[in-house]
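# Commentary on secondary and tertiary structure
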Amino acid sequence: MLTSESFHIGDKVVYPNHGIGTIEQISSRTIGQTVEKYYLLSIHSSSLKVSVPFHSVAAVGLRRVVKNGEIQKIIDFLQDGQCDNHADWKNRFRENSERMRTGSLLEVAVVLKGLILLNGSKPLSFREKKMLERARYLLVSELASARNVDEQQIQELLSNALTKCGLRFPDASDFADGAAS
């Protein structure tokens, strides 16, 4: 369990459903008699700045970038892990949205694999396509950062893992007609 003192200025962290950010500042605000400390994050994929109170770190799921052991679990899951999808798209979408919000990269991989499987049997809805695109982005960007390699190498790694169970990793160009993330 992370304590609020776990992060320092310059640390790379993951803000669930938004991806990797860097802690730019640690500051305090006084509200009445209470002094609250905050992390100021700069999200890499956008110009978004996020202020996270120390007491909310666990609640929002702020965490460090994954390590090699976790990366291997993700690769193993993509190669041969079982994936179940709700037949009802509303339940499936709600469940997948909850998984994306957990901040767990393994849960993001579950969403990615489930949507790829589903896409093989029927076209995805617009919202599910956007979620697949988001899951792809979050996996690729964090794994590239964790391994300190370019995203192309991670795309090949994920593609090879999914090929082992007969699935195709979506290419970024698959989403080109649906606008950028």
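My aim in this report is to walk through the structure given alongside it, one point at a time.

Procedures and definitions
Residue numbers here run from 1 along each chain, matching the order of that chain's written sequence. Restriction of local features to residues with pLDDT of at least 70 applies here, the model being predicted, together with a cutoff of 80 or more for giving and counting side-chain atom pairs; totals for whole chains, interfaces and linings are based on all residues. Each side-chain value is worked out from all heavy atoms of the structure, with water and hydrogens disregarded. By convention in these notes, a salt bridge is any Lys or Arg side-chain nitrogen within 4 Å of a carboxyl oxygen on Asp or Glu. Per the convention used, a helix needs a DSSP run of H or I reaching at least four residues, while a strand needs a run of E reaching at least two, with both numbered from the N terminus. For every residue, the accessible area (1.4 Å probe, protein chains only) is compared with the maximum for its type, and the residue is labelled buried under 20%, exposed over 50%, or partly exposed between those bounds. Strands are treated as partners if at least two bridges between them are detected by DSSP. Any two residues having at least one pair of non-hydrogen atoms within 4.5 Å are treated as being in contact. Simply put, an axis is a line fit to the C-alpha atoms, just over the touching stretch for a helix, and the angle between two N-to-C directions goes from 0 to 180 degrees.

## Observations concerning the pattern of salt bridges
Tallying each qualifying case throughout the model produces 10 salt bridges. Residues lysine 130 and glutamate 133 are paired through a salt bridge, measuring 3.0 Å at the closest nitrogen-oxygen approach. Placement of both lysine 130 and glutamate 133 in helix H5 (residues 126-147) is noted, with a separation of 3 residues, approximately one turn of the helix. Accessibility expressed as a relative area gives 26% for lysine 130, which makes it partly exposed. Residue classification places glutamate 133 among the buried residues on the basis of a relative accessible area of 12%. Each of the salt bridges in this network shares a partner with another, and the network as a whole consists of Glu95, Arg99 and Glu107.

## A word on the sheet that holds strand E4 (residues 49-53)
Whether parallel or antiparallel, the strands of a sheet pair through hydrogen bonds between backbone atoms. Taken in spatial order, the 5 strands line up as E4-E3-E2-E1-E5 in an open sheet, and their pairing is antiparallel. What marks the edges here is a single partner per strand, and that holds for E4 and strand E5 (63-64). Here H5 sits on the sheet and contacts strand E1 (12-15), strand E2 (19-31) and E5; the angle it forms with E2, its principal contact strand, is near 90 degrees.

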